[in-house]
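# A closer look at the structure
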Amino acid sequence: MKTHKKKKSLRPTSGKVREALFDIVRGKIQNARFLDLYSGTGAVGIEALNEGAGEVFFVDESRGNGMKICERIKKYRDSHKTTVMTKKAISFIHWAALQELSFDIIFLDPPYHTDEIMDALAAIGASRILSREGIAVAEHFTKKPLPDTLEGLRKVKEYCYGDTVLSLFQTAEHR
């Protein structure tokens, strides 16, 4: 019997949620180091570049997505401010920690049907790649709420948009 592997499909962040995200980070994005984790089409990271981010890292495990993102960012005069990496999110987080990179804004939007969001947030908290004043914004399904604290991160706010929630986290020591 032949089994078919379920094909992963892209679920780009909707325009409404993307607009809300950039309203949330508006005061923090100028010259920020922005991480678009699970970047898919790269739309969120490209928007961050347009909004004035100083540097944008795009991370997606799909080589095809990475190549498409590279093609899209070639059109921008600020493409030298970008890094595109084909890596699994957790591998990237560990690599970034070893490189002593930190990010002012981390946006993560893993597939809704997995528990990757919990693993990624725990890795972000444990690795300390989120700057002391930074924020991590996790996009997730309303039926999968996130805890208030997780591995050195604490949830500070949630925004609901239909079936989608944006949960904002800061480092636990941030006051």
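Nothing here was measured: the structure is a model prediction, and the numbers come from that model. Each residue is numbered by its place in its chain's sequence as written, counting from 1. Local features in this predicted model are restricted to residues of pLDDT 70 or higher, and side-chain atom pairs are both shown and tallied only at a pLDDT of 80 or more, whereas totals for entire chains, interfaces and linings draw on every residue. Only hydrogens and water are removed before side-chain values are computed, so all heavy atoms of the structure are retained for them.

Right, let's talk about the overall build of the chain for a bit. Strands are runs of DSSP state E lasting at least two residues, helices are runs of H or I lasting at least four, and both sets are numbered from the N terminus onward. Looking only at helices and strands, the chain has five helices and eight strands in total. Tracing the chain from N to C terminus, the helices and strands come up as α-β-α-β-α-β-α-β-α-β-β-β-β. The classification of residues rests on relative accessible area computed with a 1.4 Å probe and restricted to protein chains. Under 20% of the type maximum is buried, over 50% is exposed, and intermediate values are partly exposed. Within the chain, the fraction of its 175 residues that count as buried is 46%. Contacts are residue-level and defined by heavy atoms, with any inter-residue pair within 4.5 Å sufficient. Contacts in the chain between residues far apart in sequence, at least 24 positions, make up 63% of those at least 6 positions apart. Using a 1.4 Å probe, accessible areas were evaluated by the Shrake-Rupley method; residue-level cover was limited to the displayed protein chains. Accessible area for the chain stands at about 9,600 Å²; split by element, carbon and sulfur atoms hold 49% of it. Note on charges: Lys and Arg go in the positive column, Asp and Glu in the negative column, and His and the chain ends are not counted at all. For the purpose of locating charges, the reference atoms are NZ of Lys, CZ of Arg, CG of Asp and CD of Glu. Averaging the coordinates of the 28 positive side-chain charges in the chain and doing the same for the 23 negative ones gives two points 5 Å apart.

Let us now look at empty space enclosed by the protein. Every definition here rests on a 1 Å grid over the protein atoms only: cavities are sets of points where a 1.4 Å probe fits but cannot get out, pockets are open sets enclosed by protein on both sides within 12 Å along at least five of seven lines, and lining residues have some atom within 4 Å of a point. Grid points are joined across faces, edges and corners, and a volume is the space filled by probe spheres set on the points. The tally for this structure, following the rule as stated, stands at one cavity of 30 Å³ or more. Of the volumes computed, that of the largest cavity is approximately 60 Å³. Lining the largest cavity are Pro 110, Pro 111, Tyr 112, Thr 114, Ile 117, Glu 139, His 140, Phe 141 and Lys 144. With three residues, strand β5 (residues 130–141) is the largest single contributor of residues to the lining of the largest cavity. Residues that form the lining of the largest cavity fall into these classes: five nonpolar, two polar and two charged. For this classification, the nonpolar set comprises Ala, Val, Leu, Ile, Met, Phe, Trp, Tyr, Cys and Pro, the charged set comprises Asp, Glu, Lys and Arg, and every other residue, Gly included, is treated as polar.

Its place among the elements puts Gly 54 in the loop between α2 (43–50) and β2 (55–60). The class for Gly 54 is partly exposed, based on a relative accessible area of 24%. With sequence-adjacent residues up to four places away left out, Gly 54 is seen in contact with Ile 29, Asn 31, Ala 32 and Lys 81.

Before going further, it helps to spend a moment on unusual backbone geometry. The phi angle at Glu 100 is positive, at roughly 60 degrees, despite the residue not being glycine. Inspection of the secondary structure assignment puts Glu 100 in the loop between α4 (89–98) and β4 (103–108). The exposure class assigned to Glu 100 is exposed, which follows from its relative accessible area of 72%. Not every positive phi belongs to a glycine, and Arg 128 is a case in point at roughly 65 degrees. Locating Arg 128 in the fold gives a position in the loop between α5 (116–127) and β5. For Arg 128, a relative accessible area of 56% gives the class exposed.

Residue placement: Val 84 occurs in strand β3 (residues 82–86). In this structure the C-alpha to C-alpha distance between Val 84 and Leu 153, which are 69 residues apart in sequence, comes to 26 Å. Discounting residues that sit within four places of it in the chain, Val 84 has contacts with Phe 58, Gly 66, Ile 69, Cys 70 and Ile 73.

Bringing the sheet that holds strand β1 (residues 33–37) into the picture now. Strand pairing in a sheet relies on backbone hydrogen bonds, with the paired strands running either antiparallel or parallel. With mixed pairing, eight strands are arranged side by side in an open sheet as β3-β2-β1-β4-β5-β8-β7-β6. Edge strands, defined here as strands with exactly one partner in the open sheet, are β3 and β6 (149–150). Geometry is summarised by axes, namely lines fitted to C-alpha atoms with helices restricted to the contacting stretch, and by angles between N-to-C directions that run from 0 to 180 degrees. Set on the sheet, helix α1 (residues 15–25) makes contact with β1, β4, β5, β7 (153–161) and β8 (164–171); between it and β8 the angle comes to about 25 degrees. Those strands touched by helix α3 (residues 63–73) are β2 and β3, and its axis lies near 165 degrees from that of β3. Paired strands are those between which DSSP finds at least two bridges.

With that out of the way, let us pick up the pattern of salt bridges. Salt bridge, as used here, is a side-chain nitrogen of Lys or Arg placed within 4 Å of a carboxyl oxygen of Asp or Glu. Scanning all chains against the criterion turns up nine salt bridges. Across the salt bridge formed by Lys 88 and Glu 61, the nearest N and O atoms sit 3.9 Å from each other. Remark: Glu 61 occurs in the loop between β2 and α3 and Lys 88 occurs in the loop between β3 and α4; sequence separation between them is 27 residues. Overall, Lys 88 belongs to the exposed group, its relative accessible area being 51%. Here Glu 133 and Arg 132 are joined by a salt bridge, their closest N and O atoms 3.4 Å apart. Given a relative accessible area of 47%, Arg 132 falls into the partly exposed group.

Geometry only, nothing functional implied.
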